[in-house]
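Examination of the molecular architecture
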Amino acid sequence: MAGDDLESDDEYLDQSWAGKNETVSVALDEFTIQQNNNDGGVNTALGLGKKRLRGSSEFQGQGDSDNNNDDDDDDDAISSSKKKKKSMSSKHLLLEAGRGIAEETAEVQAQFLWTCFTNVLKLRGEDIPDQKFHSGMFKKSTKSEHGNENGGGKYDPSMSKFLKSGVLSSAKRLKKWKHNKSPMVIIICASARRAVSILKEISSLNVRAAKLFAKHMSVADQTAMLENNKYSIAVGTPNRLLKLTEEKRESDDADEELGAPLSLDQTELIIIDCHEDKKRFTVCTLNDTAPDLMVFINKAVLPQLERRKTLNLALF
């Protein structure tokens, strides 16, 4: 898909869906409206509040509307702001919820990701899992520069610092990772360009990192790379990660079964990089990447989460 190997910013920012995914952006409205009816409101379902809407001028003014103001101009401004808020579509509420999501609490992150996840599955006609994502599945930094458990503190967007901030089960094991085909940490990015940036950021950790995106490397190259080496960290895009977990291989021995090139059997942390593009879309809301990301979670990540407690998610 375009999100994997990008030639220009225009291609990256193309918000058109292809093929079976062309209805997803439109259906966001229908889905979140249904969530509104079933779960007591879109704002509640996504954990939205005044804090979550801080980045949009269309949401500003409500907090001040409770204060009495004798100025007619101010009253008119507040009334106008309320009308704009009411007219804001559920789709835009979801997009707004995804902006700055890495700074939020684990509970808000779990609800947001679950909303995006179930939307894609419904549009694909697939069954929704019984167990929702919950805050216990999500790792949060224990250091103030990355925000605390309550979503406070100054957020420092450095992946190397994030990995040192308490999200890893063991920094020593990261440096001495011993498993082929199953990196300890998998970082999911929206584009090859962003993946390269992340790889540069984590180079200071002095650990082996696999490049799992389409740019300059084929699936066959990455398959051989994963089979013959042990990588502490893998950085990739949703489409390529999905292909590597679904790739079917034939063995010279008819009785031997070869697994997929990429396995999550030993993986301990899946980091979803929520870096915002120029239009403030993330890997969770960008049309080119969201469907593949949610399918990857459903087919590769969710079975591991259900099977063991040693795998966690994190939003960066």
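Above this text you will find the structure in question.
The text that follows walks through the structure, step by step, so that each part is easy to find.

Analysis parameters
Residues numbered from 1 in each chain as written. Predicted model: local features only at pLDDT ≥ 70, side-chain atom pairs only at ≥ 80, totals over all residues. Heavy atoms only, no water. Buried < 20%, exposed > 50% of the residue type's maximum accessible area, 1.4 Å probe, protein only. Helix = DSSP H or I, 4+ residues; strand = E, 2+ residues; numbered from the N terminus. Axes fitted to C-alpha atoms, helices over the stretch in contact; angles between N-to-C directions. Parallel < 35°, antiparallel > 145°, perpendicular 65-115°, else oblique. Contact = heavy atoms within 4.5 Å. Nonpolar A, V, L, I, M, F, W, Y, C, P; charged D, E, K, R; others polar. Pairing = 2+ DSSP bridges. Right-handed = clockwise from strand over helix to strand, strands pointing away. Salt bridge = Lys/Arg side-chain N within 4 Å of Asp/Glu carboxyl O. Phe/Tyr/Trp six-rings, centres within 6.5 Å; stacked < 30°, edge-to-face > 60°. Left-handed = near helix turned anticlockwise from the far one by under 90°.

1. Brief notes about unusual backbone geometry
Although it is not a glycine, Asn206 sits at a positive phi angle of roughly 60°. On the accessibility criterion, Asn206 (66% relative accessible area) is exposed. The backbone of Arg280 shows a phi angle near 65°, a positive value even though the residue is not glycine. Assignment of secondary structure puts Arg280 in the loop between strand S4 (269-272) and helix H12 (290-307). What makes Arg280 partly exposed here is its relative accessible area of 32%.

2. Points about the packing of helix H6 (residues 106-123) against H12
Viewed as axis vectors pointing N to C, H6 and H12 meet at an angle of 95°, and their least axial separation amounts to 9 Å. The pairing of H6 with H12 is recorded here as roughly perpendicular in orientation. Contacts between H6 and H12 involve Leu113, Cys116, Phe117, Val120 and Leu121 on the former and, on the latter, Ala290, Pro291, Met294, Ile297, Asn298 and Leu302. A breakdown of the residues in the contact of H6 with H12 according to their chemical character gives ten nonpolar, one polar and no charged.

3. Some points on the pairing of strand S2 (residues 209-212)
The two faces of the sheet receive side chains in turn, since in a regular strand these alternate between them. Where burial is concerned, the two faces of S2 differ: the one with Ala210 and Leu212 is buried and the one with Ala209 and Lys211 is not. Sheet topology note: the S2/strand S3 (residues 233-236) ladder contains four bridges and is parallel. The partner of Lys211 across the bridge, within S3, is Val235. Where the polypeptide runs from S2 across helix H10 (residues 219-228) and back to S3, its parallel neighbour, the crossover connection is right-handed.

4. Here we look at the pattern of salt bridges
Evaluated as defined, the whole model comprises seven salt bridges. Of the charged contacts, one joins Glu246 and Lys299 as a salt bridge, the two residues approaching to 3.1 Å between their closest N and O atoms. One end of the pair, Glu246, is in helix H11 (residues 238-246); the other, Lys299, is in helix H12, and 53 residues separate them in sequence.

5. Considering the packing of aromatic side chains
In this description, a pair of aromatic rings is defined by centroid distance and the angle of the planes. Enumeration according to the criterion identifies four aromatic pairs in this entry. Centre to centre, the rings of Trp114 and Phe133 are 5.2 Å apart; their planes meet at 85°, and the pair counts as edge-to-face. Residue Trp114 is located in helix H6, and its partner Phe133 is located in the loop between H6 and helix H7 (159-163); the two are separated by 19 residues in the primary sequence. By relative accessible area, which is 7% here, Phe133 ends up buried. Between Phe162 and Phe316, the ring centres sit 5.2 Å apart and the planes meet at 55°, which makes this aromatic pair tilted. With a gap of 154 residues between them, Phe162 in helix H7 and Phe316 in the segment after strand S5 (312-315) connect regions that are remote in the sequence.

6. Looking at the packing of H10 against H11
For any two helices packed against each other, the geometry is given by the interaxial angle and the distance between the axes. Remark: H10 packs on H11, axes separated minimally by 11 Å, with the N-to-C direction vectors making an angle of 65°. Pair H10 / H11 crosses with right-handed handedness. Contact residues: H10 offers Val219, Gln222, Thr223 and Leu226, while H11 offers Arg240, Lys243 and Leu244. Within the contact of H10 with H11, the residues separate by chemical class into three nonpolar, two polar and two charged.

7. Description of the sheet that holds S4
As summarised here, the arrangement of the five strands in space is S2-S3-S1-S4-S5, forming an open sheet in which the pairing is parallel. A strand with exactly one partner marks an edge of an open sheet, and here the two such strands are S2 and S5. Taking the axes of each pair of neighbouring strands and ignoring which way they run, one obtains an average angle of 20° across the sheet. The pairing of strand S1 (residues 185-188) with S3 spans four bridges and is classified as parallel. Paired with Ile188 across the strands is Gly236, a residue of S3. Contacts between H12 and the sheet are confined to S1, S4 and S5, with S4 contributing the most and set at about 155° to the helix.

8. As for the environment of Ala224
Inspection of the secondary structure assignment puts Ala224 in helix H10. Residue Ala224 is classed as partly exposed on the basis of its relative accessible area of 33%. For Ala224 and Lys181, which are 43 residues apart along the polypeptide, the C-alpha to C-alpha distance reads 9.5 Å.

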